[in-house]
Amino acid sequence: MRILLFGGFLGSGKTTTMLQVAKYLTDVHQETVAIIENEVGAAGIDDKLFSASGLKVKQLFGGCVCCQIGSDLISAISEIHGSIHPDWLLIEMTGLAFPSKTAATIKKYSTVYSAFKTVTIVDRARWSELKLMLEPLVTGQIKGSDLIVLNKTDLIAGEDVKSIIKDLKEIDAHITVVITSAINELPPDVLEEIVSYE
């Protein structure tokens, strides 16, 4: 089972991106996909979108996985691996999580995956605002990511893409950045970049 962990601030386009990746994996690669949605609060919002797309959703409620020991997430990963046996497990982090911390927990405590990748969605339209107001959170979400998807590049408003990429590389010089707009259908080369492993 290969794992894709999706992070990014609230409203960055994680759910839209994940749905397209899941559809691509099932339609084009003919592989099975399970999804874990991490929500803060008592009821999920995005699970209705996932379920409407014919995808099974395992919800985790009651707080941010990155703020807990991660035992609920590790148990869910093991349960999904043992009972569903999907080719892929897509995990959507809450918009306030640090994906690298969750990735470290999974890598330390789970042995049921064959490959692992962290994908962080960055909102081009709100980059400057989020960086200014929530710099530690934004930096924490980017550091340690395997791939950055610079999203919402179709919008007129927003900072220059080259300037954002420069900022991203200053945070982590080793990250790969792909540029797209998930509201439109993601191109095959972007989808392949998301699902490929080195």
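Residues numbered from 1 in each chain as written. Predicted model: local features only at pLDDT ≥ 70, side-chain atom pairs only at ≥ 80, totals over all residues. Heavy atoms only, no water.

Draft legend 1. Region of interest: empty space enclosed by the protein. Per the stated rule, a full pass over the model turns up 2 cavities of 30 Å³ or more. Its boundaries defined by the atoms lining it, the largest cavity holds a volume of some 100 Å³. Every residue lining the largest cavity is listed: G8, F9, S12, T120, I121, V122, D123, W127, L130, V138, Q141 and I142. Looking at the lining of the largest cavity, the elements with two or more residues in it are β5 (115-123), α5 (127-133) and α6 (135-142). (1 Å grid on protein atoms, 1.4 Å probe; cavity = no way out; pocket = protein on both sides within 12 Å on 5 of 7 lines; lining within 4 Å. Points joined across faces, edges and corners; volume = space filled by probe spheres on them. Helix = DSSP H or I, 4+ residues; strand = E, 2+ residues; numbered from the N terminus.)

Draft legend 2. Broad picture of helix α7 (residues 161-171). Restricting attention to buried positions, one finds in α7 the residues V161, I164, D167, L168 and I171. All buried residues of α7 fall inside an arc of 120° around its axis, so they share one side. For α7, the exposed residues lying more than 90 degrees away from the buried face are K162, K166 and E170. Buried positions along α7 lie against β5, α5, α6, β6 (147-151) and β7 (176-179). With a side-chain oxygen lying 3.3 Å from the backbone nitrogen of K162, the N-terminal cap of α7 falls on D160. (Buried < 20%, exposed > 50% of the residue type's maximum accessible area, 1.4 Å probe, protein only. Arc of directions from axis to C-beta. Contact = heavy atoms within 4.5 Å. Polar contact = N/O pair within 3.5 Å; in protein donor to acceptor, adjacent residues only side chain to side chain.)

Draft legend 3. Up close: the nonpolar core. Core analysis: the largest hydrophobic core is formed by 21 residues, its most contacted members being L4, F6, V21, L90, V119, I194 and V195. Listed by contribution, the elements that provide at least two residues to this core are β1 (2-7), α1 (14-27), β2 (33-38), β4 (88-92), β5, β6 and α8 (188-195). The contact partners of I194, leaving out residues within four places of it in the chain, are L4, F6, T17, V21, K117, V119, L147 and V149. Of all hydrophobic cores here, the second largest spans 18 residues; its members include M1, L5, I80 and I106. (Core = buried A, V, L, I, M, F, W, Y, C linked by side-chain atoms within 4.5 Å.)

Draft legend 4. Structural detail: the pairing of β5. Most of β5 is tucked away, with 9 of its 9 residues classed as buried. In terms of strand pairing, β1 meets β5 through 6 bridges, oriented parallel. By the bridge assignment for β5, L4 is matched with K117. (Pairing = 2+ DSSP bridges.)

Draft legend 5. Up close: the environment of L5. With respect to the helices and strands, L5 occurs in strand β1. Through-space distance from the C-alpha of L5 to that of L90 is 6.0 Å; in sequence the pair is 85 residues apart. When near neighbours in sequence (up to four residues on either side) are disregarded, L5 contacts I91, M93, P99, T102, A103, F116, K117, T118 and V119.

Draft legend 6. Representation of the packing of α1 against α8 in the model. Two numbers describe how α1 lies on α8: the axes approach to 10 Å, and their chain directions differ by 90°. Considered as vectors, α1 and α8 are oriented roughly perpendicular to each other. Across the interface between the two elements, T17, Q20, V21, Y24 and L25 of α1 pack against P188, L191, E192, I194 and V195 of α8. Looking at the contact of α1 with α8, its residues break down into 7 nonpolar, 2 polar and 1 charged. (Axes fitted to C-alpha atoms, helices over the stretch in contact; angles between N-to-C directions. Parallel < 35°, antiparallel > 145°, perpendicular 65-115°, else oblique. Nonpolar A, V, L, I, M, F, W, Y, C, P; charged D, E, K, R; others polar.)

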